[in-house]
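Below are the chains, spelled out letter by letter.
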Amino acid sequence: MNILLLGSGGREHALAWKLGGSPLVDRLYCAPGNAGIARDAELASLDLADHGAVIAFCKERAIDFVVVGPEGPLAAGIVDDLEAAGVGAFGPSKLAARLEGSKGFAKDLCRANAIPTASYERFASADAAKAYARARGAPIVVKADGLAAGKGVVVAMTLAEAEGAIDMMFAGGLGEAGSEVIVEDYLRGEEASLFALCDGESALFLGTAQDHKRVFDGDEGPNTGGMGAYSPAPMMSAETTRRAMEEIVRPTLRAMQAMGAPFKGVLYAGLMITEEGPKLIEYNVRFGDPECQVLMLRLKSDILPALLAARDGMLKTFDLRWSEQAALTVVMAAKGYPGSYAKGSVIEGLDEAASLEGVEIFHAGTRVEGGRIVANGGRVLNVCALGESVAQAQARAYAAVDRIRWPDGFCRRDIGFRAIERERQGAG
Ligand code: AMP
Ligand code: GLY
């Protein structure tokens, strides 16, 4: 088969690496890709917003199946357009992608189907939103309805902060995404992510992960797209996972099907594990980045048949094999990220780092310049490793980080600390 993968980050490099190992693949293309992906796939420079150009490329290269990485093209309906043009594609339709594209839609679906989530209301004006926030009291959470590149959520510890966030969103601080706002109760607990492959009707559990969103050690500093992750999440017991699948994921699939928008693709449930059990924080309609990287390291089976089965509605009897090992990834970012940062600095030592036992390096934001790898984004590399424990995976990943010569980059030195603490307690 000829496959086209869409996207350019570490998530897509991990998918390209996994797809590249499939005996079913004749040719693998990626658009637009990055310098690391170029080792596993042929890069195509396509504008993903131009669905016509993507379809034309598929016809020209006899693409049998398109795998969509990021949420933007999904929310813009690229799967609908590809399928209408006769090209099979992995990912949700535009209607189904509203689970991520509209937080209000996802919350209303939870309410209508008794799916556990924080109590909330939706607002179209600042005054009503503020009155509700005052009535509920702080801490309280303010969310923009639409896609806001990770900036749409303000966890307000005080009412003043909540009111500031409401004003910012209604003043257009997040563009169209903030024209509607959700105010919801603050949930207490530990966060974990759960991934399920869905075919519209059935859900196949893929795994759990936890990430570190803050830029500095100790989970301090501003939010980022994710500075590291590990899988599985040790705090997700078999029972908590079962409850999350039965109380959250499966009712969501039934509800989407009932409204004529069956969900196909990866459903990524961001969960708060509270004293009452798992509650949904938010849905994403794609693999997480960098969570995908650690899932792909643990996946033993060929991923392509699973993605095809999801698209064809054939997951019911499907199974995947997973490594018992833990996987961990450290994100190396350009100095200054998530604020402003420079592009173009040279990165060396990657081959040596990648040759260490259990280590795999995925590129997130790189390009080739004069035969050398240079930084081309905020998050630049994902240094990943498998290990018998999270502690071993972490030690291997940092040993690899230390072989990489990139003076203009930085990373957190404590990825996985909570899981490692738990492992120590379990052993002691
Ligand atoms: P997001 O940017 O949508 O991934 O969400 C950002 C973060 O906000 C989540 O990962 C949580 O840490 C936090 N968050 C969102 N909603 C709530 C909530 N209701 N209670 C507590 N924390 C929340
Ligand atoms: N790592 C968070 C995300 O992919 O949304």
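Structure: above.
Residues numbered from 1 in each chain as written. Chains lettered and ligands numbered in written order. Predicted model: local features only at pLDDT ≥ 70, side-chain atom pairs only at ≥ 80, totals over all residues. Heavy atoms only, no water.

Asks: Pulling in residues and values, what's your account of the site of ligand 2?
Replies: In the vicinity of ligand 2, the contacting residues are D211, G225, Y268, R286, G288, D289, P290 and E291. Contact between ligand 2 and E291: a nitrogen atom at 2.9 Å from a side-chain N or O atom of the residue. Starting from 200 Å² of accessible surface for ligand 2 in isolation, the protein chains cover 87%. In terms of residue class, the shell around ligand 2 is made up of 2 nonpolar, 2 polar and 4 charged. (Near = heavy atom within 4 Å. Polar contact = N/O pair within 3.5 Å; in protein donor to acceptor, adjacent residues only side chain to side chain. Areas by Shrake-Rupley, 256 points an atom, 1.4 Å probe, with all protein chains shown as cover. Nonpolar A, V, L, I, M, F, W, Y, C, P; charged D, E, K, R; others polar.)

Asks: Kindly report on the pattern of salt bridges, identifying the contributing residues and their values.
Replies: Counting across every chain of the model gives 31 salt bridges. With a shortest N-O distance of 3.4 Å, R39 and D351 are connected by a salt bridge. With R39 in the loop between β2 (27–32) and β3 (42–43) and D351 in helix α12 (residues 350–354), the pair connects residues that are 312 residues apart, well separated along the chain. An identical accessibility class is assigned to R39 and D351; each is exposed. (Salt bridge = Lys/Arg side-chain N within 4 Å of Asp/Glu carboxyl O. Helix = DSSP H or I, 4+ residues; strand = E, 2+ residues; numbered from the N terminus. Buried < 20%, exposed > 50% of the residue type's maximum accessible area, 1.4 Å probe, protein only.)

Asks: Help me get a handle on the nonpolar core, residues and values and all.
Replies: Counting 52 residues, the largest nonpolar core has L4, L6, V66, L82, L99, F263 and L271 as its most contacted members. In terms of residue count, the dominant contributor to this core is helix α9 (residues 238–258) (7 residues). Each residue touching V66, except ones within four places of it in the same chain, is listed here: L4, L6, C58, L82, V87, G88, A89 and F90. Counting residues in each nonpolar core, the second largest holds 43 residues, with F195, L299, I303 and A310 among its members. (Core = buried A, V, L, I, M, F, W, Y, C linked by side-chain atoms within 4.5 Å. Contact = heavy atoms within 4.5 Å.)

Asks: Could you give me a rundown of the sheet that holds β3, with the residues and numbers involved?
Replies: Neighbouring strands of a sheet are bound in pairs by backbone hydrogen bonds; such pairs are parallel or else antiparallel. Read across the open sheet, the 5 strands follow the order β3-β2-β1-β4-β5; overall the sheet is parallel. A strand with exactly one partner marks an edge of an open sheet, and here the two such strands are β3 and β5 (88–90). Strand direction decides the pairing type here: β2 and β3, joined by 2 bridges, are parallel. Note on β3: the bridge partner recorded for C30 is L43. Relative to the sheet, helix α1 (residues 10–20) contacts β1 (2–7), β2 and β4 (65–68), its axis offset from that of β1 by approximately 170°. Along the sheet, helix α2 (residues 51–60) contacts β1, β2 and β4; its crossing angle with β1, the most-contacted strand, is approximately 160°. (Pairing = 2+ DSSP bridges. Axes fitted to C-alpha atoms, helices over the stretch in contact; angles between N-to-C directions.)

Asks: Residues and numbers for the environment of G349, please.
Replies: Relative to the assigned elements, G349 resides in the loop between β18 (346–347) and α12. In contact with G349, not counting residues within four places along its chain, are R403, I404 and R405.

Asks: Help me get a handle on the site of ligand 1, residues and values and all.
Replies: The environment of ligand 1 is formed by 15 residues, the closest being E184, D185, L187, E191 and E282. The contact in question runs from a nitrogen atom of ligand 1 to an N or O atom on the side chain of K143, over 3.1 Å. Between ligand 1 and the protein, one listed contact pairs an oxygen atom with a side-chain N or O atom of E282 at 2.7 Å. Alone, ligand 1 offers 480 Å² of accessible surface; in the complex the protein occludes 88% of this. Elements supplying a minimum of two residues to the shell around ligand 1: β7 (140–144), β8 (153–156), β9 (181–185) and β16 (277–284). The residue inventory of the shell around ligand 1, partitioned by class, reads 7 nonpolar, 1 polar and 7 charged.

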